Amino acid sequence: MTHAFTRRRPPCTVAGVLAAAALTGLASLPAVAVAAEPDLGIGPLAPVTGAQPGNGVDMPFSVLNKGTEEIGKVWVTYSVTRGLDTAETYSNCLYSTQPAADEEPERQVAACAIEQPLKPGVVYAPERPLGLRARADALRDKVSMSVEASENGPSDGAPGTGAPLELIERGPATEGDRASHEEAYVSTEVASENTADFALTGAGLKGEVGDEVTATVTFVNEGPAWVYRDLGRSAATVDVRIPPGTTVVKAHDFCTPVTPAHYSCGTSQSWVYEKRGETYPFVLRIDKAVEGATGKISFAGEARPFDGNAANDTAAIVIDAGGATGGSSSGGSSTGGTSAGGSASTGGAVASGGSTSGGPDAAGGSASSSATGGSATGGSGTPTTAGGLAATGSDAALPVLGASAAALLAGGGIFYAVRRRTAAGD
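Q: It is not clear to me how the pairing of strand β11 (residues 140-148) should be interpreted in this structure. Could you clarify?
A: Note on strand geometry: in a regular strand, side chains alternate between the two faces of the sheet. Relative to β11, strand β5 (residues 74-81) is paired through 6 bridges, and the arrangement is antiparallel. Bridging from a neighbouring strand, V76 pairs with V147 of β11. In terms of strand pairing, β11 meets strand β14 (residues 185-192) through 7 bridges, oriented antiparallel. Following the sheet pairing, K142 is matched in β14 by E189.

Here is the structure:
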């Protein structure tokens, strides 16, 4: 008997048919259409000069859809630094505060959802410029703006109360428009006519030969404006000359030795709020009694055209090794002496031993003679991440610096090493 065996055919699937067709060349798959990526650009923001504290500041802007397809919704986000505020708000924008981070100061941010079609190759702009206002503490501020086809800004915050922000068609883009709208993020500066008074305070100390005393030097911005330098630059540079007959046992972390008797001190950030500053304690050992031993404190580094008061630009450290305490200083103020090893009170708005270049609502920095330095807080009581503009400190056992290091530090041209510090609350 012959047995017939029936071969079972494999199941027929779409994948199998397509695979077989591709292998045998019997069929070719159609190309899948890929949607063009949205391509948006925002025009340059014109810098503003001569703004008056308390007055409005107009900020025009324009947007271009550089792609080939219409876009149905865009997000426009803009932010301003401390000295600026919103003169009007828009109902389709959410307003929030972005705390200081990555060596950038605190900002007010508006994220606006604009639900309207933007045709390709067309320039759009709001009917009226963005309405901003210079605050009483304005001096040098920054406005930043971006446009995107997807949400990439703050998703929470307080909605505005005015009419919605809308974009009006201005006409077809020219070659010049396309060239000027290449970027999706732009920024500019607003310069206000204002002043900021930088002040120094020294110390008057009393002790005996062999004693260690703490001389506390303070820098404070008396305002009314806050001061914002370029990223990576110190808000101020303080030159400290140690009194003769004394040796530095420990200097503040933000102070770098130029010579064993000459230190250059920076700030924790590239900005300083009004009524804030830095405190630099120096532990000094009295090696010998020198009559009228005085060390000079002064500003160095970048120019301060905003500061018209030179009377408090210098101060002194006066050491009385067995005689009466000297309490005055040239151009500045200093306080009465303390017992050996004590800390001279500096008064003002800066807490001794703390870094206080943050916001005015902070209660003062933490003790900053430790390896981590002091803490800084942002405006309105918001903690900030203290930056790394100030150089790390060292004790008085350091040898005399070489000529190259002295040259680097001369004239306030200090390089401030970036150093992260933990944010501290009030």
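Q: Help me understand the state of the cysteines, please; the structure alone is not making it clear to me.
A: One covalent bond between the sulfur atoms of two cysteine residues makes up a disulfide. A complete count under the given rule lists 2 disulfides for this structure. Here C255 pairs with C265 through a disulfide, and the sulfurs are 2.1 Å apart. Where C255 bonds to C265 through sulfur, the torsion about that S-S bond is close to 110 degrees, and the disulfide is right-handed. One end of the pair, C255, is in strand β20 (residues 255-259); the other, C265, is in strand β21 (residues 262-265), with 10 residues separating them in the sequence. The same class applies to C255 as to C265, namely buried. The connectivity of the disulfide-linked cysteines in the chain, indexed sequentially, is 1-2, 3-4.

Q: Mind showing me how you'd approach the pattern of salt bridges here?
A: Side chains that carry opposite charge are capable of pairing whenever their charged atoms lie near each other. In total, this model carries 18 salt bridges according to the counting rule given. In this structure, the salt-bridge partner of K66 is D39, at a minimum N-O distance of 3.6 Å. Residue K66 is found in the loop between β4 (63-65) and β5, and its partner D39 is found in the loop between α1 (14-24) and β1 (40-42); the two are separated by 27 residues along the sequence. Three or more residues are tied together by salt bridges with common partners; here these are R82, R135, D137 and E274.

Q: Just checking my understanding: could you explain the packing of aromatic side chains for this structure?
A: Pairs of aromatic rings are described using the distance from one ring centre to the other and the angle between the two planes. Summed over the entire model, instances satisfying the criterion amount to 7 aromatic pairs. Aromatic pair F198 and F299: ring centres 6.0 Å apart, planes at 45 degrees, arrangement tilted. Residue F198 is found in strand β15 (residues 196-206), and its partner F299 is found in strand β24 (residues 293-300); the two are separated by 101 residues along the sequence. For the pair shown, F198 and F299 are each scored as buried. Geometrically, the ring pair formed by W226 and Y228 is stacked, given 5.3 Å between the ring centres and 20 degrees between the ring planes. Look at Y228 and you get buried, because its relative accessible area is 10%. Taken together through their ring pairs, the aromatic side chains of F198, F219, F299 and F306 make up a single cluster. When the ring centre of Y273 is taken as origin, the NZ or CZ atom of R82, which lies over that ring, is 4.1 Å away.

Q: How do you make sense of the sheet that holds strand β6 (residues 84-86) when you look at a structure like this?
A: Backbone hydrogen bonds hold the strands of a sheet together, and the pairing may be parallel or antiparallel. Judged by pairing direction, the sheet is antiparallel, and its 3 strands sit side by side in the order β3-β10-β6 without closing on themselves. Looking along the sheet, the strands with just one partner apiece sit at the ends: β3 (56-59) and β6. Across the sheet, the axes of successive neighbouring strands diverge by a mean angle of 40 degrees, strand direction being ignored. Where β6 and strand β10 (residues 130-134) come together, 3 bridges link them in antiparallel fashion. Each residue of the ladder has a partner; that of D85, found in β10, is R133.

Q: How should I be thinking about the environment of K275 in this particular structure?
A: Tracing the chain through its elements places K275 in the loop between β22 (271-272) and β23 (276-286). For the pair formed by K275 and A196, sequence separation is 79 residues and the distance between their alpha carbons is 9.9 Å. Within the structure, the side chain of K275 is placed 3.1 Å from the side chain of E222, a separation counted as a polar contact.

Q: So what exactly am I meant to see when it comes to the side chain of S62 here?
A: As for its placement among the helices and strands, S62 is situated in the loop between β3 and β4. Looking at S62, its side chain comes within polar contact range of the side chain of H181, at 2.8 Å. The residues contacting S62, other than those within four sequence positions of it, are G41, I42, G43, V123, Y124, A125 and H181.

Q: Even after reading the chapter, I still don't get the sheet that holds β14, so can you show me in this structure?
A: One open sheet holds the 7 strands; their spatial order is β2-β14-β11-β5-β8-β7-β12, and the pairing between them is mixed. A single partner strand is all that each edge strand has here, and the edge strands are β2 (48-51) and β12 (158-159).

Here is what the cut-offs are and how they apply
- Residues numbered from 1 in each chain as written.
- Predicted model: local features only at pLDDT ≥ 70, side-chain atom pairs only at ≥ 80, totals over all residues.
- Heavy atoms only, no water.
- Pairing = 2+ DSSP bridges.
- Helix = DSSP H or I, 4+ residues; strand = E, 2+ residues; numbered from the N terminus.
- Disulfide = S-S within 2.5 Å.
- Buried < 20%, exposed > 50% of the residue type's maximum accessible area, 1.4 Å probe, protein only.
- Salt bridge = Lys/Arg side-chain N within 4 Å of Asp/Glu carboxyl O.
- Phe/Tyr/Trp six-rings, centres within 6.5 Å; stacked < 30°, edge-to-face > 60°.
- Lys NZ or Arg CZ within 6 Å of the ring centre and 35° of its normal.
- Axes fitted to C-alpha atoms, helices over the stretch in contact; angles between N-to-C directions.
- Polar contact = N/O pair within 3.5 Å; in protein donor to acceptor, adjacent residues only side chain to side chain.
- Contact = heavy atoms within 4.5 Å.

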